Amino acid sequence: KGDLDGAEPLYRRALEIDEAALGPDHPSTGRSVGSLARLLRAKGDLDGAEPLCRRALEINEAARGPDHPRTGTSVNNLAGLLEAKGDLDGAEPLCRRAL
């Protein structure tokens, strides 16, 4: 399973670097946001992961457009997170969109 607790500060630092160097809306920043979200989800922090998943989706949509494969991945990640939280009403439209 790895050292999830040890990885978290490294993911957070990578995000800080991307935000400072590239800006908060750059696609690479979005990738770092999504990576941190996946780590938090793996740690069981679904509430902490949700706003990050939403932010990653917003960045990808704005930077790449709604039909780009990375945007689709972000849609799918958010849908899976909402499903894991039991928010099926929130997950369903995202699952349909990802099709």
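For the structure, see preceding data.
(A) Quick look at the pattern of salt bridges. Taken as a whole and judged by the stated rule, the model has 10 salt bridges. Between E19 and R55 there is a salt bridge, with its nearest N and O atoms 2.7 Å apart. Here E19 is found in helix α1 (residues 4-22), whereas its partner R55 is found in helix α3 (residues 46-64), with 36 residues between them in sequence. The salt bridge partner of K85 is D47, with a shortest N-O separation of 2.9 Å. With K85 in the loop between α4 (69-84) and α5 (88-98) and D47 in helix α3, this residue pair connects regions lying 38 residues apart in the sequence. Owing to a relative accessible area of 33%, K85 belongs among the partly exposed residues under this scheme.

(B) Seen up close, the environment of E19. Owing to a relative accessible area of 28%, E19 belongs among the partly exposed residues under this scheme. Residue contacts for E19: discarding those within four places in its chain leaves P24, T29 and R55.

So, how was this worked out
Residues numbered from 1 in each chain as written. Predicted model: local features only at pLDDT ≥ 70, side-chain atom pairs only at ≥ 80, totals over all residues. Heavy atoms only, no water. Salt bridge = Lys/Arg side-chain N within 4 Å of Asp/Glu carboxyl O. Helix = DSSP H or I, 4+ residues; strand = E, 2+ residues; numbered from the N terminus. Buried < 20%, exposed > 50% of the residue type's maximum accessible area, 1.4 Å probe, protein only. Contact = heavy atoms within 4.5 Å.

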